[in-house]
Amino acid sequence: MKKNMITGSKLWSIAMITSLLAACSSPATTSTTANAATSTTGTTKTVSVSEQTSVKYADLVSLDADDTNISWSEADSTAIKLNGTTATVTGSGAKAANGSVTISEAGTYVLSGELTDGQIVVNVADKGTVHLVLNGATIHDNDSAAIYIQKAGKAVITLEKGTKNTVSDGKTYVYADATTDEPDAAIFSKADLTFNGAGQLTVTGNYNEGITSKDDLKIISGSISVKAADDGIKGKDMVAIQAGTITIEAKGDGIKSTNDTDTTKGYVAIAGGTFDIQSGNDGIQAETALVTDGGTYNIVTGGGSANAPAKVEEGPFGGGGWGGGTPPTDMGTPPDGEPPADMPEMPNNGGTNAGANTNGAAASSSANATATTDSNADADTATTATESTSAKALKAGTDLTVNGGKYTIDSMDDSLHSNNNVTVNDGTFNIESGDDGIHADQALTINGGTITIAKSYEGLEGAIITLNDGDVDVTASDDGVNAAGGETETAANTTASTGSATTATDATTTSNISVTETTGTTSTTDQASQGTTANQQGRGPGGMGGAAASNNEFHINGGSLTVNAGGDGLDSNGSINMTGGTVIVNGPTDNGNGALDYDGTFEISGGYLVAAGSSGMAQGTSDASTQNTIVMTFPATQKAGTLVHVQDSEGNNILTFAPAKDYQTVVVSSPDLKKDGSYVIYSGGTSTGKAVDGLYTDGTYSGGTQVVAFQSTSNVTWVNESGVTTANTGMGGPGGGGQGGFGGGRNRSQSGTTSDSTGTTDSAK
């Protein structure tokens, strides 16, 4: 099912990564694997290239000697002793007056004691580096920033080892005039700001923000706890965190960068550290790129997934819907002559879907009127709707790249989100999301890691989704995987490919992308031809006769994917291509959705696929596949946990599977299936083998009831309890073309015993 949201598709510039890498002091060697998909019907629509990138913290962040300097001595520094509303300065470069201390020269200043209502001001005309050492200091200002870096080349704040330091402000600021709105944070800097050391710092931003830098903000080490009325930690040009323990409680964003005018800035890069973030809005938000190499993260946004607003699902004729065309009158009937009770009614509009979302885009419908808006909230091309709040855990305006780390996320909104591309190269994720588990407006690429999405509206969503490796387990109330959206209409679009890079050109943007190569591939597909052949190749309901597929693609090249979906299991508004890996789908129980749902084709050439679900919208793989598939429709719904067993004529195990939910149709594709092979399907029974996600390997199967014995006649064989049947190619629901038979005839009973001698294969392991 598609989300009922007015938001249109958007195309964000992807030139930023090139600019960032070019600006690095040690650029990585580059090569590119790209996927461009273009439809040529009507106005040209282009989905941006699917990039696989391993850009890292070191590619974006460089440190100088000042950033890492934690040393000081009494002889070479100025001591500032705080005492109530006064301070004593010993040394040069600073003066105390009227309860505040002003530092006017570059140098090292060691602060200790308590200032109950005053300010530390840095105003260095020669743009030198000011080194502030917090050596057991408590600083509070009732009506302004407690530490205010007005002018300096750089400010470095060292947290002295073994000390506890506190900085806070009041709830109301007093400004010079009505046009002034800075400072607005307990620690506020107009210069580059770096934190280091092994001490502790507690910051309370009662007025607005906790820590703000109008330039670069770096955290090298230390234990920093921030509580803020709005954002916790904010840097304009960058936020770079190398290590440390960061605890944030913020009503706005937890960590964010804000530069939206320079594509080489406005990023967040994290090498490691420990993070505990509770935010009203986004947990970590980058205006441009967000890169995490490692670290341990516990992030709760917007009160968590339980606080997410209810989603509104469109009916089977809304959104991507039935794909156009006229519904056929011959839909086939089950054995009792009646269609399933929950089969969606046919539209009464001459085949026209008036409520359809014509671009097939799917977007988040999360909204929370109590939260504040964000400058990087999802902008879209429609003029009638925007998200009123953004409460995502990890959010990037352009590209989000995760290279490692451990993430525990409970987000009201998407858990991982990019307005452009998301790449997961490694990491361990435990996700509960009130919306999408992982969402990319353009390309979502998974090259590794262990991803468990225990709760979501839709698990994985992107215009082009690629699984190259990794272990992914998705639970979704709607679609488990949804390849949708990401299209933009232009007057003219051309896509050219050259050796190591792909150049996409349209009326507004030219970008050359060069990134570090990672494992796996994403193939190039001519979607225009797929749209016209979907009716011949699709097996099972999906887009009706005449339906046109979009540019969207889902590629499975390796790894493992387990899906438990209330809506469609695997859903693509375009096509699905599988070359390797293991995919297990526990699809819907209602007949308005399907375990597999695609508008173009599903071509499988390798790997292991099993998909169980309802029969009303069942699809198999496409006839153009080079690996064989069996689609079995049972005469009645089977109870969850009831084994379905497929073996060949020699007793070799092809499939022993216990679906997690009630089911009536099972799709299985395996390298062991032969086009002219003879097979027997059993129901029930037991297995002594080991089950992983319901799929048994090894062991012995016994005690089942034979449902049907048959010989496959093509590379996609549809069967019911009577034997081989032919899939109708006209009727369809959301997805590709063709309808499976509902079964018929009488059940033939026979018990069987076989040894489960074969297991699943994963070419990527």
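Residues numbered from 1 in each chain as written. Predicted model: local features only at pLDDT ≥ 70, side-chain atom pairs only at ≥ 80, totals over all residues. Heavy atoms only, no water.

### Remarks on the overall build of the chain
(1) Moving on: Of the regular secondary structure elements, the chain holds four helices and 62 strands.
(2) Moving on: Looking at the 765 residues of the chain, the share that counts as buried comes to 61%.
(3) Moving on: For the chain, the computed accessible surface area is about 26000 Å², with 47% contributed by carbon and sulfur atoms. (Helix = DSSP H or I, 4+ residues; strand = E, 2+ residues; numbered from the N terminus. Buried < 20%, exposed > 50% of the residue type's maximum accessible area, 1.4 Å probe, protein only. Areas by Shrake-Rupley, 256 points an atom, 1.4 Å probe, with all protein chains shown as cover.)

### A short note on the packing of aromatic side chains
(1) Moving on: Tallying each qualifying case throughout the model produces 11 aromatic pairs.
(2) Moving on: Taking 5.8 Å as the distance between ring centres and 85° as the angle between the ring planes, the aromatic pair formed by phenylalanine 634 and tyrosine 663 counts as edge-to-face. Here phenylalanine 634 is found in strand E51 (residues 629-638), whereas its partner tyrosine 663 is found in strand E54 (residues 663-669), with 29 residues between them in sequence.
(3) Moving on: Residue tyrosine 663 is classed as buried on the basis of its relative accessible area of 1%.
(4) Moving on: Three or more aromatic residues joined by ring pairs form one cluster here, namely Phe275, Tyr297, Tyr407 and Phe429. (Phe/Tyr/Trp six-rings, centres within 6.5 Å; stacked < 30°, edge-to-face > 60°.)

### So, the side chain of threonine 78
(1) Moving on: By the element assignment, threonine 78 lies in strand E3 (residues 78-84).
(2) Moving on: With relative accessibility at 5%, the residue threonine 78 sits in the buried group.

### Topic: the confidence of the model for the chain
(1) Moving on: Overall, the prediction assigns the chain a mean pLDDT of 79, with 70% of residues at 70 or greater.
(2) Moving on: This model gives residues 315-387 a pLDDT under 50, and the stretch forms 175 contacts once residues within four places in sequence are excluded.
(3) Moving on: The model gives residues 488-547 a pLDDT under 50, and that stretch makes 206 contacts with residues more than four places away or in other chains. (pLDDT = per-residue confidence, 0-100. Contact = heavy atoms within 4.5 Å.)

### Considerations on unusual backbone geometry
Glycine aside, residues mostly have negative phi angles, and peptide bonds mostly take the trans form.
(1) Moving on: Here glutamate 182 and proline 183 are connected by a cis peptide whose omega angle stands at 0°.
(2) Moving on: With respect to the helices, strands and loops of the structure, proline 183 is situated in the loop between strand E12 (164-169) and strand E13 (185-189).
(3) Moving on: Positive phi, normally seen in glycine, also occurs at lysine 127, with a value near 60°.
(4) Moving on: Judged by relative accessible area, lysine 127 falls into the exposed class, the value being 52%.
(5) Moving on: Despite not being glycine, aspartate 693 shows a phi value in the positive range, around 55°.

### Considering the pattern of salt bridges
(1) Moving on: Counted under the stated rule, the structure contains 10 salt bridges.
(2) Moving on: Here lysine 154 and aspartate 67 are joined by a salt bridge, their closest N and O atoms 3.0 Å apart. Note that lysine 154 is positioned in strand E11 (residues 154-159) and aspartate 67 in helix H3 (residues 65-68), a separation of 87 residues in sequence. Aspartate 67 shares its class with lysine 154; the two are buried.
(3) Moving on: In this structure, aspartate 237 engages lysine 265 in a salt bridge whose closest nitrogen and oxygen atoms are separated by 3.9 Å. With a gap of 28 residues between them, aspartate 237 in the loop between strand E19 (233-235) and strand E20 (238-241) and lysine 265 in the loop between strand E22 (255-257) and strand E23 (267-270) connect regions that are remote in the sequence.
(4) Moving on: We classify aspartate 237 as buried; its relative accessible area is 9%.
(5) Moving on: Judged by relative accessible area, which is 32%, lysine 265 ranks as partly exposed.
(6) Moving on: Each of Asp64, Asp67, Lys154 and Lys218 takes part in one network of salt bridges that share partners. (Salt bridge = Lys/Arg side-chain N within 4 Å of Asp/Glu carboxyl O.)

### Describing the environment of valine 174
(1) Moving on: Looking at where valine 174 falls in the secondary structure, it is placed in the loop between E12 and E13.
(2) Moving on: Residues valine 174 and aspartate 143 lie 31 residues apart in sequence; the distance between their C-alpha atoms is 5.5 Å.

### Overview of the pairing of strand E34 (residues 436-446)
(1) Moving on: Among the 11 residues of E34, 11 are classified as buried, and the element is accordingly described as predominantly covered.
(2) Moving on: Pairing of strand E31 (residues 416-418) with E34, which is carried by three bridges, proceeds in the parallel orientation. Each bridged residue has a counterpart across the sheet, and for histidine 417 the counterpart in E34 is histidine 439.
(3) Moving on: Where strand E32 (residues 421-424) meets E34, three bridges bridge the pair, whose relative direction is parallel. Each bridged residue has a counterpart across the sheet, and for threonine 423 the counterpart in E34 is threonine 445.
(4) Moving on: Relative to strand E36 (residues 458-467), E34 is paired through eight bridges, and the arrangement is parallel. The residue of E36 that forms the bridge with leucine 444 is isoleucine 465. (Pairing = 2+ DSSP bridges.)

### Brief notes about the pairing of strand E33 (residues 428-433)
(1) Moving on: With burial as the criterion, only one face of E33 is covered, namely that bearing Phe429, Ile431 and Ser433; the residues Thr428, Asn430 and Glu432 on the opposite face remain uncovered.
(2) Moving on: Strand direction decides the pairing type here: strand E30 (residues 406-411) and E33, joined by six bridges, are parallel. Bridging across to E33, lysine 406 finds its partner in threonine 428.
(3) Moving on: One ladder, built from five bridges, connects E33 with strand E35 (residues 450-455); its direction is parallel. Of the residues in E35, the one forming a bridge with isoleucine 431 is isoleucine 453.

### Description of the environment of glycine 128
(1) Moving on: Relative to the elements of secondary structure, glycine 128 occurs in the loop between strand E8 (120-123) and strand E9 (129-141).
(2) Moving on: Here glycine 128 falls in the buried class, since its relative accessible area comes to 16%.
(3) Moving on: The spacing of glycine 128 and serine 104 is 24 residues in sequence and 9.9 Å in space, taken between C-alpha atoms.
(4) Moving on: For glycine 128, the contacting residues outside a window of four places in its chain are Ala106, Ala152, Gly153 and Lys154.

### Some points on the environment of threonine 108
(1) Moving on: Along the chain, threonine 108 turns up in strand E7 (residues 107-115).
(2) Moving on: Exposure remark for threonine 108: the relative accessible area of 18% places this residue in the buried category.
(3) Moving on: Counting along the chain gives 37 residues from threonine 108 to serine 71, while the straight-line C-alpha distance between them is 9.6 Å.
(4) Moving on: In this view, threonine 108 contacts Trp72, Asp76, Ser77, Thr78, His131 and Val133; residues no more than four positions away in its chain are not counted.

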